[in-house]
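# Report on the structure
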Amino acid sequence: MKLSDQVQFTMRNMRKNKLRIFMTVLATTMGSAFLIVLASVGFGLQSSLMEEASSHQPLTQIQIWDRYESDELQGIDERTIEEIKELEHIRTVVPRGMVYHMDVSPSVTLEDYMSGAQVIVTDFEAEKDSNLSLSEGDFPASENEILVGYHFSESLISPEAAEQRTDPEDPYFAPEEGDYSGSVLGKNITVSFTNQESGEIVEEETFTIAGITAAPSRDWNRNGNIYVAGEFREHFMGLTGQEHMYTEINAHVTSVEHVENVTAELKEQGYSVYSISEELSSMNLFFNALKAGLIFVGTIAVLIASIGIFNTMTMAVTERTHEIGVMKALGANPAGIRRMFLMESGAIGLMGTLFGVVIAYAVSAASNVIIPAILEATTGTDTLNITFSAIPAELVLIAGLISVAVATVSGYRPALRATRVNVLQALRREA
Amino acid sequence: MIEVKHVHYAYTIGKKGKRTDVPVLRDVNFEIRKGEITAIAGKSGSGKSTLLNLLSGFISVDSGMITINGKDVTGLSEKGWSSFRLEHIGFVFQNYELIPGLTALENIELPMVLKGENQRLRREKAEKMLRKVGLEHQSSHYPNELSGGQQQRVSIGRALINEPAIIFADEPTGSLDSETEQDILTLIRTLNEEKNITFVLITHDHEVASRADRRLTLTDGRLTEERGEYSEAK
Ligand SMILES: Nc1ncnc2c1ncn2[C@@H]1O[C@H](COP(=O)(O)OP(=O)(O)OP(=O)(O)O)[C@@H](O)[C@H]1O
Ligand SMILES: [Mg+2]
């Protein structure tokens, strides 16, 4: 018997008992929708938390603190940065270094305004490669151009305002005290290095603000720093007397899957490192266990639906015993008969899954709107931008496989019974 | 064409622990040549249907040997039997055994569907067959929309459609009135003469048996032969 004929026979048989098939498909639909919706909570919470975690640090970023060699702090210098860059899968290394307030301290002024901004030396090429984004302006094109943090203008305070402060000597002041208005883009700033003891200005450098960084990802973070080209590193080190000027080193890996390897490699070489991915991997382990548990519980619902399929298929075989007997008498291959019944139960499973997926998507979308609304109303918080339920393609695939497999398995025994129909008994019974 | 040697068959009845054998066929021997119409006669319960069921592979012999079309079919598996039947044997049943959900045309098509013929060829051949059995106007009738004689014609059409060498018919006219019976017997005779198909029919009707080439009679599980009038005329 040709497959197309088997399909046609199966369809004809299914049409003969629409209500029964409908009810069975309904049960399967509910089972698979339940499975998907249940598991979608695991997927949804995981992706929300991952997103949340990666919003303040890219997943491909590895922070490098220090380097130890046989338990001795080695510090990080130009050479080690170059070594890290040479490692496999490293896209770029951003070597930021803060200029400390030591015997000689830097201070920043713009026109008459003073600022408590931190001065940070960095490599603009690397910053660019690490996808640092700007809210205004461009990356510096020459040595004397700089970037400033998003909140830099808030750190500027006029002499008049400074005088009114309770402690005018305190170099740190709150952002709301700043009284600069207008854009700082294109303005010149001066960094002067003052000897703390004598009060004498040792050195002055003037820079032009070429760009302003994008706002930090979390709104309570402030960035009023100024970023100066790496060419000044040696010079500034000489002025302040710092031994090294690498305080915030971030390696960027070409893609997330290499983070683990590169992290391990760096640790091997004695670096103390931190990557959000590493943090997340333990979280992922937890979520994978949770998802597996939810899928398992959901599968029970599908199994319950499969009892319906078993019942329906058993009835179908009983009803069609005579027809099966005739077909066998005429020379139908038992395997072909079995396949037709398996196709029928498989089709029920498939239809149930398809409708189940559609319903699950609807329920998932609705729950993402309704649950936060209820939580907001009852707890009064409105910072809940968490996705409770997410249905990625893999979940649909897993649920589909489970439902269709369960349907086929539960249709297997009835199908086998169909092939074992005794021709003589079937014919004697008469239709 | 068909060779039966020392065939024994007994039904086992009763539940576990109390089984008894009911011997039905004892040392049955006969041979049927190609193109013959053979009638198997005998009293009710004499084992006619049992013998035909053995020849059809619906049950298997206790001992003895059956050869059909040169092939020893005694130990054939279920799967082997189904393809053998599909290829070599057509069936006509007393109760027609048409599939209620299929039209006359579709019922005739069924053996070709089982064989995996393509749809166009199937339609064409089935329509031709419907004309041959005189049902060209009933092609889209369902079995319950046909008379007994018409249903039996459909079943004969179905038996013939794959052009088998042999047709087994268990009381093909058992449910029909005598006029329709004559029509069916004439149809069988015509097909036999046209295509040289071997027919084995079971009947307990003398009239039917007398129109066969040969007549085998079963009594007490044993077979005896009488010559039919047609064979004498030949
Ligand atoms: N399934 C069975 N189990 C037990 N005994 C059976 C079975 N089928 C038939 N018999 C017995 O075998 C014997 C032969 O039966 P069979 O059906 O072959 O007779 P028959 O010659 O075809 O009769 P009829 O002319 O009435 O159709 C009978 O005595 C019957 O009781
Ligand atoms: Mg009988």
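Residues numbered from 1 in each chain as written. Chains lettered and ligands numbered in written order. Predicted model: local features only at pLDDT ≥ 70, side-chain atom pairs only at ≥ 80, totals over all residues. Heavy atoms only, no water.

Moving on to the overall build of chain B. Counting its regular elements, chain B contains eight helices and ten strands. Expressed along its principal axes, the backbone C-alpha trace of chain B runs to roughly 50 × 45 × 35 Å. In chain B, which comprises 234 residues, the share counted as buried stands at 54%. Across chain B, contacts joining residues at least 24 apart in sequence account for 69% of those joining residues at least 6 apart. Summed over all atoms, the accessible surface of chain B reaches about 10700 Å², with 45% contributed by carbon and sulfur. (Helix = DSSP H or I, 4+ residues; strand = E, 2+ residues; numbered from the N terminus. Buried < 20%, exposed > 50% of the residue type's maximum accessible area, 1.4 Å probe, protein only. Contact = heavy atoms within 4.5 Å. Areas by Shrake-Rupley, 256 points an atom, 1.4 Å probe, with all protein chains shown as cover.)

Turning our eyes to something else, we now look at a negative patch on the surface. A surface patch of like charges, here negative, comprises Glu111, Asp112, Glu160, Glu163 and Asp179 of chain A. As for its placement among the helices and strands, Asp112 of chain A is situated in the loop between strand 4 (104-110) and strand 5 (113-115). (Patch = residues over 30% accessible without salt bridge, like charges linked within 9 Å, V, L, I, M, F, W, Y side chains within 5 Å. Salt bridge = Lys/Arg side-chain N within 4 Å of Asp/Glu carboxyl O. Lys, Arg positive; Asp, Glu negative; His and termini not counted. Charge placed at Lys NZ, Arg CZ, Asp CG, Glu CD.)

With that out of the way, let us pick up the pattern of salt bridges. In this structure the tally under the stated criterion is 22 salt bridges over all chains. Lys16 of chain A is the salt-bridge partner of Glu323 of chain A, the closest N and O atoms lying 3.9 Å from each other. Of this pair, Glu323 of chain A sits in helix 9 (residues 321-330) while Lys16 of chain A sits in helix 1 (residues 3-16), placing them 307 residues apart in sequence. Residues joined in a network through salt bridges with shared partners are Asp5 of chain A together with Glu109, Arg122 and Arg123 of chain B.

Residues and elements named next belong to chain B. When you tally the buried positions in strand 9 (residues 214-219), you get five out of six residues, the bulk of the element. Pairing of strand 3 (residues 37-42) with strand 9 involves five bridges; the strand directions are parallel. If you follow Ala39 over to strand 9, its bridge partner there is Arg215. (Pairing = 2+ DSSP bridges.)

Aromatic ring pairs: the centre-centre distance and the angle between the two ring planes describe each pair. Residue and element names in this part refer to chain A. In this structure the tally under the stated criterion is ten aromatic pairs over all chains. For the pair Phe193 and Phe236, a centre-to-centre distance of 5.0 Å together with 50 degrees between the ring planes defines the contact as tilted. A residue pair is termed long-range when its members are at least 10 positions apart, and Phe193 in strand 10 (residues 188-195) and Phe236 in helix 6 (residues 233-240) qualify at 43 residues. For Phe193, a relative accessible area of 0% gives the class buried. Note on Phe232 and Phe236: the rings are 5.6 Å apart at their centroids and 35 degrees apart in plane angle, and the pair reads as tilted. Linked through ring pairs, Phe193, Phe207, Phe232 and Phe236 together constitute an aromatic cluster. Against the face of Phe9 rests Arg12, its NZ or CZ located 4.9 Å from the ring centre. A cation sits over an aromatic face here: Lys291 above Phe43, 4.2 Å from the ring centre. (Phe/Tyr/Trp six-rings, centres within 6.5 Å; stacked < 30°, edge-to-face > 60°. Lys NZ or Arg CZ within 6 Å of the ring centre and 35° of its normal.)

Residues and elements named next belong to chain A. Considering the arrangement of structural elements, one finds Ser410 in helix 11 (residues 393-419). At a separation of 3.0 Å, a polar atom in the side chain of Ser410 contacts the main-chain carbonyl oxygen of Ala407. Apart from residues lying up to four places away in sequence, Ser410 is in contact with Ser306, Ile309 and Phe310. (Polar contact = N/O pair within 3.5 Å; in protein donor to acceptor, adjacent residues only side chain to side chain.)

Now for the environment of Glu145 of chain A. All names here are of chain A. Assignment of secondary structure puts Glu145 in strand 8 (residues 145-148). Overall, Glu145 belongs to the partly exposed group, its relative accessible area being 24%. Sequence separation of Glu145 and Ser105 is 40 residues, and the distance between their C-alpha atoms is 21 Å. Sequence-distant contacts of Glu145, defined by excluding residues within four places in its chain, comprise Phe124, Pro140, Thr208 and Ala210. Engagement of the side chain of Glu145 in a polar contact is seen with the backbone nitrogen of Ala141, the distance being 2.8 Å.

A few words on the domain arrangement of chain A. Interfaces are frequently sized by the accessible area removed from exposure as the parts join. Structurally, chain A comprises domain 1 (3-55 + 282-430) and domain 2 (61-254). Look at where the C-alpha atoms of domain 1 of chain A and domain 2 of chain A centre, and you get two points 59 Å apart. (Domains from an automatic or database assignment.)

All names here are of chain B. Contacts to ligand 1 come from 13 residues, most closely from Ser44, Gly45, Lys48, Ser49 and Thr50. Interatomic distance of 2.6 Å between a side-chain N/O atom of Ser44 and an oxygen atom of ligand 1. A distance of 3.0 Å separates an oxygen atom of ligand 1 from a polar atom in the backbone of Gly47. Relative to its free-state accessible area of 630 Å², ligand 1 is covered by the protein chains to the extent of 65%. Listing elements by their share of the shell around ligand 1, those giving two or more residues are strand 1 (2-13) and helix 1 (48-56). Take the shell around ligand 1: its biggest share by element is three residues, from helix 1. Grouping the amino acids of the shell around ligand 1 by side-chain chemistry returns three nonpolar, seven polar and three charged. (Near = heavy atom within 4 Å. Nonpolar A, V, L, I, M, F, W, Y, C, P; charged D, E, K, R; others polar.)

This paragraph deals with helix 1 of chain B. For helix 1 of chain B, the tally of buried residues reaches eight of nine residues, placing the bulk of the element in the interior. Directly after helix 1 of chain B, the chain includes Gly57 of chain B, whose backbone phi takes a positive value near 80 degrees.

One non-glycine residue, Glu111 of chain A, lies in positive phi territory at about 50 degrees. One can find Glu111 of chain A in the loop between strand 4 and strand 5. In this structure Glu111 of chain A comes out as exposed when scored by relative accessible area, which is 55%. Of note in this structure, Asp27 of chain B is not a glycine but carries a positive phi near 45 degrees.

The next point concerns the sheet that holds strand 4 (residues 63-68) of chain B. Residues and elements named next belong to chain B. Read from one edge of the open sheet, four strands run 2-1-4-5, paired in antiparallel fashion. Each of the sheet's edge strands pairs with one partner strand only, and the pair in question is strand 2 (20-32) and strand 5 (71-72). In terms of strand pairing, strand 1 meets strand 2 through nine bridges, oriented antiparallel. Across the sheet, residue Ala10 finds its bridge partner in strand 2, namely Pro23. Lying over the sheet, helix 1 contacts strand 1, strand 2 and strand 4, oriented at roughly 70 degrees with respect to strand 2. (Axes fitted to C-alpha atoms, helices over the stretch in contact; angles between N-to-C directions.)

As enumerated under the stated definition, the model contains six cavities of 30 Å³ or more in all. By volume, the largest cavity amounts to about 90 Å³. Every residue along the wall of the largest cavity is listed here: Phe9, Asn13, Arg320, Glu323, Ile324, Met327, Ile337, Met340 and Phe341 of chain A. Those elements giving two or more residues to the lining of the largest cavity turn out to be helix 1, helix 9 and helix 10 (334-379) of chain A. Class assignment for the residues of the lining of the largest cavity results in six nonpolar, one polar and two charged. If you go around the second largest cavity, the residues you meet are Leu330 of chain A together with Arg85, Leu86, Ile89, Gly90, Phe91, Pro111, Arg158, Ala159, Leu160, Ile161 and Asn162 of chain B. (1 Å grid on protein atoms, 1.4 Å probe; cavity = no way out; pocket = protein on both sides within 12 Å on 5 of 7 lines; lining within 4 Å. Points joined across faces, edges and corners; volume = space filled by probe spheres on them.)

Residue and element names in this part refer to chain B. Counted at 1.5 Å a residue, the expected span for helix 6 (residues 178-195) with its 18 residues is 26 Å, and the 26 Å between its end C-alpha atoms agrees. Looking only at helix 6, the buried set comprises Thr180, Glu181, Ile184, Leu185, Leu187, Ile188, Arg189, Leu191 and Asn192. The N-cap of helix 6, judged by a side-chain oxygen 3.0 Å from the amide nitrogen of Glu179 a few residues on, is Asp177. Looking at the residues trailing helix 6, positive phi occurs at Asn196, about 55 degrees. (Expected span 1.5 Å × (residues − 1).)

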